[in-house]
Amino acid sequence: MRVSVFGLGYVGCVSAACLADMGHEVIGVDVNQVKVDLVNDGRAPVVEERIGELVAEVVGSGALRATDDVREAVMNSEVSLVCVGTPSEPNGSLCTTYLERVTEQIGAALAERGGRGGRHTVVFRSTMLPGTCLDLLVPILEKSLGGTAGVDVGVAVNPEFLREGTSVRDFSDPPKTVIGELDPASGDVVAALYDGLPGEVFRVPVPTAEAIKYADNAFHGLKIGFANELGAVCQALGVDSHQVMDVFLADRKLNISPAYLRPGFAFGGSCLPKDLRSLVYAAQRADVSVPILAHVLPSNEEHLQRAIELVERTGRRKVGLFGLSFKPGTDDLRESPLVELAERLFGKGYDLRIHDANVSLSRLLGANREYIETRLPHLAQLLADSVDEVLEHAEVVLVGTKDPAVLSALPRGAGGPVIVDLVRLPDAEARRAEPGYVGLAW
């Protein structure tokens, strides 16, 4: 394919050189004449493992050249890969100035080109927040082009997952390829661009592709911060942090796995809250600041508060709650977020009914009974014997369980109670389009 790559920084230079190495005919575009001259001289404008040799090779073969002329690049390509920078503004917001400028220039060049050469596809590889492409860049492109995105011009978002220092290797062996497609034809072009590379390909809506990059980088930062904080605590307590992490990383069932990484309701139980509090207290006693660990429980508290706010926004007073134990398949109520939710709703004067098939007041023993009598002494009058009893009572239904008896009884569509989904119901995707359904974090 004939590809123009806009921006010859780390991402653009590596993408241009690697695409050329794959057999594509690539034109690099940059406003910085020094970068353009370096590439045309067979030298990389960035310092990166293997990039120097690769640029020299593909420039020497004629597969890669560079220019500062947007019009000339667009006229001679089928795909424009936008890799310009999106730095932070002083207030932390995303700077989209370079994206807007390049999009306008590409649109103007396409307007001049007309229909010659077939439909052009603009692929945004720059990191940008969800909504940037559809709400900001597509209107700019359509205005400057004088046409319609998805009809007259293809549009896609294709985030990169390149690490500085190993970006050439990462390009050739990506962890995944993400294609946010405005329409299937746009996605087909991007898929063809990377044909032959290993790794799973995900074709998703444009905003999903934009968000994936942020999910990745936020988690990477969180992992580094977590490891460093834990290391500092271990050092203060005389423990070898690397031995701890070696064992931690060996657990691929819970630790290095999809476990716990699905948005849902707040966590609770007899272990996580208690152990987090103990660890943070030990760090404080050792004069070790652990802002990430110290804010895990406050973050959990904020998530629980979101559920209460969703109920408040309905303006209705009769509430049903399905689920009470801290996790499915148990009757353990200790530090259950659903008990906390029930307590707060009851305290705010809501007319509450609760059903959990695993919880019966007469069967609660020991710590469970003591906990519930302390936190929710009115539980006996709030418990309902059946799913139907809750549904007959409630104007708002909070679903905190995936009990099949509950799922099969939940009403669909308008006219019934508002469904506040705390667990991501199996049919959540379909329900999202219906009135009377609210997801907690989706």
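Reading guide: rules and limits
Residues numbered from 1 in each chain as written. Predicted model: local features only at pLDDT ≥ 70, side-chain atom pairs only at ≥ 80, totals over all residues. Heavy atoms only, no water. Helix = DSSP H or I, 4+ residues; strand = E, 2+ residues; numbered from the N terminus. Buried < 20%, exposed > 50% of the residue type's maximum accessible area, 1.4 Å probe, protein only. Contact = heavy atoms within 4.5 Å. Areas by Shrake-Rupley, 256 points an atom, 1.4 Å probe, with all protein chains shown as cover. Lys, Arg positive; Asp, Glu negative; His and termini not counted. Charge placed at Lys NZ, Arg CZ, Asp CG, Glu CD. Pairing = 2+ DSSP bridges. Axes fitted to C-alpha atoms, helices over the stretch in contact; angles between N-to-C directions. Parallel < 35°, antiparallel > 145°, perpendicular 65-115°, else oblique. Left-handed = near helix turned anticlockwise from the far one by under 90°. Nonpolar A, V, L, I, M, F, W, Y, C, P; charged D, E, K, R; others polar.

Notes on the overall build of the protein
The secondary structure content of the protein amounts to 19 helices and 13 strands. Counting only C-alpha atoms, the protein reaches 80 × 60 × 40 Å along its principal axes. Every one of the 442 residues in the protein was classed for burial, and the buried ones make up 45%. Sequence separation of 24 or more characterises 67% of the internal contacts of the protein that already satisfy a separation of 6 or more. With an accessible surface of roughly 21600 Å², the protein has 52% of that area assigned to carbon and sulfur atoms. The distance from the centre of the 42 positive side-chain charges to the centre of the 60 negative ones in the protein is 3 Å.

A short note on the sheet that holds strand E9 (residues 318-322)
If you walk across this open sheet you meet the five strands as E10-E9-E11-E12-E13, and the pairing is parallel. At either margin of the open sheet sits one strand with a lone partner, and together these are strand E10 (351-355) and strand E13 (437-439). Averaged over neighbouring strand pairs, the angle between their axes works out to 20° when direction is ignored. With four bridges connecting them, strand E11 (residues 396-399) and strand E12 (residues 418-421) associate as parallel partners. The residue bridging Val-397 from the neighbouring strand is Ile-419, located in E12. Across the sheet, helix H13 (residues 296-314) touches E9, E11, E12 and E13, and the angle it forms with E11 is around 165°.

Concerning the packing of helix H1 (residues 10-21) against helix H3 (residues 51-61)
Packing of H1 against H3 brings their axes to within 9 Å, and their N-to-C directions diverge by 50°. Between H1 and H3, the crossing angle belongs to the class labelled oblique. For the element pair H1 and H3, the recorded crossing hand is left-handed. Residue-level contacts link Cys-13, Val-14, Ala-17, Cys-18, Ala-20 and Asp-21 of H1 to Ile-51, Leu-54, Val-55, Glu-57 and Val-58 of H3. Considered class by class, the residues forming the contact of H1 with H3 number nine nonpolar, no polar and two charged.

Focus: unusual backbone geometry
In this model, Arg-50 sits at a positive phi of 75°, which is unusual for a non-glycine residue. With respect to the helices, strands and loops of the structure, Arg-50 is situated in the loop between helix H2 (33-40) and H3. Of note in the backbone geometry, Tyr-260 takes a positive phi value of approximately 75° without being a glycine. Mapped onto the fold, Tyr-260 is located in the loop between helix H10 (241-250) and helix H11 (272-285).

Some thoughts on the side chain of Ser-126
Turning to its location among the elements, Ser-126 is positioned in the loop between strand E5 (120-124) and helix H6 (132-145). When neighbours within four sequence positions are excluded, Ser-126 is seen to be in contact with Val-82, Cys-83, Val-84, Thr-86 and Leu-99.

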